[in-house]
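Next come the chains, spelled out residue by residue.
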Amino acid sequence: MMNFQVTVRYGARQQRYHTFTVQADDAKAALKSAAKQLPLDIAPDVDLVELRIAVDPDARSYVNEELV
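Attention in this report is confined to the structure presented alongside it. Source: prediction; values computed, not measured. (Residues numbered from 1 in each chain as written. Predicted model: local features only at pLDDT ≥ 70, side-chain atom pairs only at ≥ 80, totals over all residues. Heavy atoms only, no water.)

1. Description of the overall build of the chain
Rules: Per the convention used, a helix needs a DSSP run of H or I reaching at least four residues, while a strand needs a run of E reaching at least two, with both numbered from the N terminus. Any two residues whose heavy atoms approach within 4.5 Å at even a single point are treated as in contact. Per-residue accessibility takes into account occlusion by the displayed protein chains alone, with areas from the Shrake-Rupley method and a 1.4 Å probe.
Secondary structure assignment for the chain yields 1 helix and 3 strands. Along the chain, helices and strands appear, N-terminal first, in the series β-β-α-β. Of the contacts made within the chain by residues no fewer than 6 positions apart, 46% connect residues no fewer than 24 positions apart. Accessible area for the chain stands at about 5,800 Å²; split by element, carbon and sulfur atoms hold 49% of it.

Given below as structure tokens:
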């Protein structure tokens with residue numbers, strides 16, 4: 001299982017963003033899970049969905065960080 005970050009853009013006049021995570025075996029399963037978890041009140045106004053593998057904060061490297 002992998003963690004995926006889902007970001008949806010919604011709203012006609014003022015664009016807003018809703019971000020959440022899902023766990024799935026692959027992108028297809030992640031999209032299906034995201035569709036089930038998308039709040040019904042914003043679903044009609046969504047015009048963009050972005051799916052990314054969620055970054056593990058413990059494994060993330062930062063600029064000017066020394067490698068150990």
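2. Observations regarding the pattern of salt bridges
Applicable threshold: Here, a salt bridge means any Lys or Arg side-chain nitrogen found within 4 Å of an Asp or Glu carboxyl oxygen.
The full count for this structure, using the stated rule, is 2 salt bridges. Between Asp-47 and Arg-9 there is a salt bridge, with its nearest N and O atoms 3.0 Å apart. Placement of the pair is Asp-47 in strand E3 (residues 46–53) and Arg-9 in strand E1 (residues 2–10), with a sequence separation of 38 residues. The shortest N-O distance in the salt bridge between Arg-52 and Glu-50 comes to 3.1 Å.

3. Examining the nonpolar core
Note the threshold: In this description, a nonpolar core means a group of buried Ala, Val, Leu, Ile, Met, Phe, Trp, Tyr and Cys residues linked to one another through side-chain atoms lying within 4.5 Å. Buried residues are those whose accessible area, probed at 1.4 Å on protein chains only, stays under 20% of the maximum for their type, while exposed residues exceed 50% and partly exposed ones sit between those limits.
In this structure, Phe-4, Val-6, Val-8, Tyr-10, Phe-20, Val-22, Ala-24, Ala-30, Ala-34, Leu-38 and Ile-42 together form the largest nonpolar core, which totals 11 residues. Looking at this core, the element that brings in the most residues is E1, giving 4 residues. Contact partners of Phe-20, with chain neighbours within four places excluded, come to Phe-4, Gln-5, Val-6, Ala-34 and Gln-37.

4. Some details on the environment of Met-1
Inspection of the secondary structure puts Met-1 in the segment before E1. Taking the C-alpha atoms as reference, Met-1 lies 6.2 Å from Gln-23; in sequence the two are 22 residues apart.

5. Here we look at the sheet that holds E3
How we decide: Here a strand pair is declared whenever DSSP counts at least two bridges between the two strands. To obtain an axis, a line is fitted to C-alpha atoms, over the contacting stretch when the element is a helix, and the angle between two such axes runs from 0 to 180 degrees between their N-to-C directions.
If you trace the 3 strands from one edge of the open sheet to the other, you get E2-E1-E3, paired in antiparallel fashion. Whereas interior strands pair on both sides, the edge strands pair on one side only; in this sheet they are strand E2 (16–24) and E3. Within this sheet the neighbouring strands show an average axis-to-axis angle of 20°, counted without direction. Each of E1, E2 and E3 touches helix H1 (residues 27–37); the most contacted strand, E2, lies at about 125° to it.

6. Section: the environment of Glu-50
Note the threshold: The term polar contact refers here to a pair of N or O atoms within 3.5 Å; inside protein, the definition further demands a hydrogen-donor-capable atom paired with an acceptor-capable atom, and it admits residues adjacent in sequence only when both atoms are side-chain atoms.
Within the secondary structure, Glu-50 sits in strand E3. Glu-50 gets classed as partly exposed once you look at its relative accessible area, which sits at 32%. C-alpha of Glu-50 to C-alpha of Leu-31: the two residues are 19 residues apart in sequence and 9.5 Å apart in space. The contacts of Glu-50, once residues within four sequence positions are left out, are Gln-5, Val-6 and Thr-7. A polar atom in the side chain of Glu-50 sits 3.1 Å from the side chain of Arg-52.

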